[in-house]
Amino acid sequence: YIPTRKILVTASLDRTIKVFEVAQRKINTENCTTLTGHKSFIYGLCYLPDKNKFASVGQDPDIKIWDVDTLKLDFTISTNGWGSDSYEMVYIEEEK
């Protein structure tokens, strides 16, 4: 859940990310945005609140970084194989 936009972001085994608007504690399934870009199953998502982005990871060797406002792919981090079959990720904000 991304509170700044009131959206719920879900990962899927069909290689897509679904973004649902949440209003008054109800998910609007009719107004769903589908994001594509992964080559295989997507297992995990992570919200990066200070960057206003979210990341996705899965069976392919890429970490995708998405913009929360535009819902567009911002950039891809290639793990060259060491990150393939990743099931989750954690974002730790740097102390200032």
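Residues numbered from 1 in each chain as written. Predicted model: local features only at pLDDT ≥ 70, side-chain atom pairs only at ≥ 80, totals over all residues. Heavy atoms only, no water.

A. Representation of the sheet that holds strand E4 (residues 42-48). Taking strand neighbours across the sheet as the criterion, the four strands line up as E4-E5-E6-E7 in an open arrangement whose pairing is antiparallel. Two strands bound the open sheet, and with one partner strand each, they are E4 and strand E7 (73-78). Sheet twist, expressed as the mean angle between neighbouring strand axes with direction ignored, is 20°. Where strand E6 (residues 62-67) lies against E7, five bridges are found, and the strand directions are antiparallel. The residue of E7 that forms the bridge with Trp66 is Leu73. (Pairing = 2+ DSSP bridges. Helix = DSSP H or I, 4+ residues; strand = E, 2+ residues; numbered from the N terminus. Axes fitted to C-alpha atoms, helices over the stretch in contact; angles between N-to-C directions.)

B. Structural view of the sheet that holds strand E3 (residues 26-36). The strand order E1-E2-E3 describes an open sheet built from three strands, whose pairing is antiparallel. Each of the sheet's edge strands pairs with one partner strand only, and the pair in question is strand E1 (7-11) and E3. The mean angle between the axes of side-by-side strands here comes to 25°, regardless of whether they run parallel or antiparallel. Relative to strand E2 (residues 16-23), E1 is paired through five bridges, and the arrangement is antiparallel. Paired with Ala11 across the strands is Ile17, a residue of E2.

C. Region of the structure containing the pattern of salt bridges. Within the structure shown, the criterion is met by four salt bridges. The salt bridge involving Asp62 is made with Lys39; its shortest N-O contact spans 3.3 Å. Pair noted here: Asp62 is in strand E6 and Lys39 is in the loop between E3 and E4, with a separation of 23 residues, a long-range link. Note on Lys39: relative accessible area 61%, which makes it exposed. One salt bridge in this structure joins Asp74 and Lys53, with 2.9 Å as the shortest N-O distance. Residue Asp74 is located in strand E7, and its partner Lys53 is located in strand E5 (residues 53-58); the two are separated by 21 residues in the primary sequence. Take Asp74: its relative accessible area is 38%, and that puts it in the partly exposed class. It is possible to trace a salt-bridge network through shared partners that takes in Lys53, Asp67 and Asp74. (Salt bridge = Lys/Arg side-chain N within 4 Å of Asp/Glu carboxyl O. Buried < 20%, exposed > 50% of the residue type's maximum accessible area, 1.4 Å probe, protein only.)

D. Seen up close, unusual backbone geometry. A positive phi angle is found at Arg15, which is not glycine, with a value near 70°. In this fold, Arg15 is placed in the loop between E1 and E2. On the basis of relative accessibility, which here comes to 45%, the residue Arg15 falls in the partly exposed class. Here Leu71, not a glycine, exhibits a phi torsion of approximately 60°, which is positive. Mapped onto the fold, Leu71 is located in the loop between E6 and E7. Overall, Leu71 belongs to the buried group, its relative accessible area being 12%.

By themselves, these are just geometric observations and shouldn't be taken as functional.
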